[in-house]
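Descriptive structure summary
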Amino acid sequence: MVKLLVADQYPIITKGIELVFSDSRDVKIVATVADGEAIFDVLNEYYVDIIMCDIDLPKLNGISVLRRLKKEYPNVKTIIFSGQQEDVYAISTIKAGADGFISKTEDLLTLKDAIMKVHLGGVYLSPALSKKIALNKTKSKGGYFKKLSTREVEVLKLLSNGRRNKEVAEELDINEKTVSTYKARLMKKLNVSNLIDLVNQANNLNL
């Protein structure tokens, strides 16, 4: 049986997933938490096979969670369960260490399929995105999810949420000058010349 930890700041999501798997013989919900830091509190007490978490978590965002898991709990698998744009985030989260990405718009059967595939050692991406990646490889072209690195996506998201350079640096545990460097790279890659246009571009990408 797969032991699952669910992390989402909205109780309607965590309660809903609990109900979905309440009678399951294959998946057992070990715990549900509402922020990124709480994930590690649970891992200190319970054995978990898979963590299903959102990107937008308080205290510690999903990508930061992935980085920390790599260091502290490398054997725990992670599926990002998000309402964010798959094209932008799926590849970045996989690069950061996730074992799967599933949209919150998917049906319940797909949710279980993703959990079981990851549990058996696979990586879950939607068929549509997998096809798009294959086409991009064939054409040697890529969308923004190809152009932006994992860290660039992370910085862009925080900037688009109104965080200042210092706040971004503190949350990501990097130097403030490094944030400025990332901002400059983002402006160049997204072909903008100021922060307002950069944020608008981020909004156009549904970040």
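Our subject in this report is the structure included herewith. Every value quoted in this text rests on a predicted model; they were computed, and no experiment measured them.

Below, the discussion takes up the packing of aromatic side chains. Per the counting criterion, the structure on display carries 1 aromatic pair. Centroid distance F40 to Y73: 6.3 Å. Interplanar angle 40°. Geometry classified as tilted. One end of the pair, F40, is in helix α2 (residues 36–43); the other, Y73, is in the loop between α3 (62–72) and β4 (77–82), and 33 residues separate them in sequence. A residue is classified by how much of its surface remains accessible, and F40, at 2% relative accessible area, is buried. Here the basic side chain of R68 rests over the ring of F40, its NZ or CZ set 3.8 Å away from the ring centre.

Time to look at the pattern of salt bridges. For the structure on display, the rule yields 11 salt bridges. The shortest N-O distance in the salt bridge between E72 and R68 comes to 3.0 Å. With E72 and R68 both in helix α3 and 4 residues apart, the pair spans about one turn of that helix. Exposure remark for R68: the relative accessible area of 27% places this residue in the partly exposed category.

With that out of the way, let us pick up the environment of D35. Tracing the chain through its elements places D35 in the loop between β2 (27–33) and α2. Taking C-alpha positions, D35 is 8.8 Å from D56, a pair spaced 21 residues apart along the chain. Those residues in contact with D35, other than ones at most four positions away along the chain, are L57, P58 and K59. Polar contacts involving the side chain of D35 include one to the main-chain amide nitrogen of E37, which spans 3.0 Å.

Bringing the pairing of β4 into the picture now. Burial within β4 is extensive, with 5 of its 6 residues counted as buried. As paired elements, strand β3 (residues 50–53) and β4 share 4 bridges and run parallel to each other. In the strand pairing of β4, M52 is matched with I79. A crossover links β3 with its parallel partner β4, the connecting element being α3, and its sense is right-handed. Note that β4 and strand β5 (residues 100–103) share 4 bridges and pair parallel. Each residue of the ladder has a partner; that of S82, found in β5, is S103. Assessed by its sense of winding, the connection that carries the chain from β4 through helix α4 (residues 86–96) to β5 is right-handed.

Looking now at the packing of α3 against α4. Two numbers describe how α3 lies on α4: the axes approach to 9 Å, and their chain directions differ by 20°. Classed by the angle they form, the pair α3 and α4 counts as roughly parallel. Here α3 and α4 pass one another in a crossing that is right-handed. Along the contact surface, α3 presents I63, L66, R67 and K70, while α4 presents T93, K95 and A96. When the residues that make up the contact of α3 with α4 are grouped by side-chain class, the tally is 3 nonpolar, 1 polar and 3 charged.

Procedures and definitions
- Residues numbered from 1 in each chain as written.
- Predicted model: local features only at pLDDT ≥ 70, side-chain atom pairs only at ≥ 80, totals over all residues.
- Heavy atoms only, no water.
- Phe/Tyr/Trp six-rings, centres within 6.5 Å; stacked < 30°, edge-to-face > 60°.
- Helix = DSSP H or I, 4+ residues; strand = E, 2+ residues; numbered from the N terminus.
- Buried < 20%, exposed > 50% of the residue type's maximum accessible area, 1.4 Å probe, protein only.
- Lys NZ or Arg CZ within 6 Å of the ring centre and 35° of its normal.
- Salt bridge = Lys/Arg side-chain N within 4 Å of Asp/Glu carboxyl O.
- Contact = heavy atoms within 4.5 Å.
- Polar contact = N/O pair within 3.5 Å; in protein donor to acceptor, adjacent residues only side chain to side chain.
- Pairing = 2+ DSSP bridges.
- Right-handed = clockwise from strand over helix to strand, strands pointing away.
- Axes fitted to C-alpha atoms, helices over the stretch in contact; angles between N-to-C directions.
- Parallel < 35°, antiparallel > 145°, perpendicular 65-115°, else oblique.
- Left-handed = near helix turned anticlockwise from the far one by under 90°.
- Nonpolar A, V, L, I, M, F, W, Y, C, P; charged D, E, K, R; others polar.

This is a description of form; function is not addressed.
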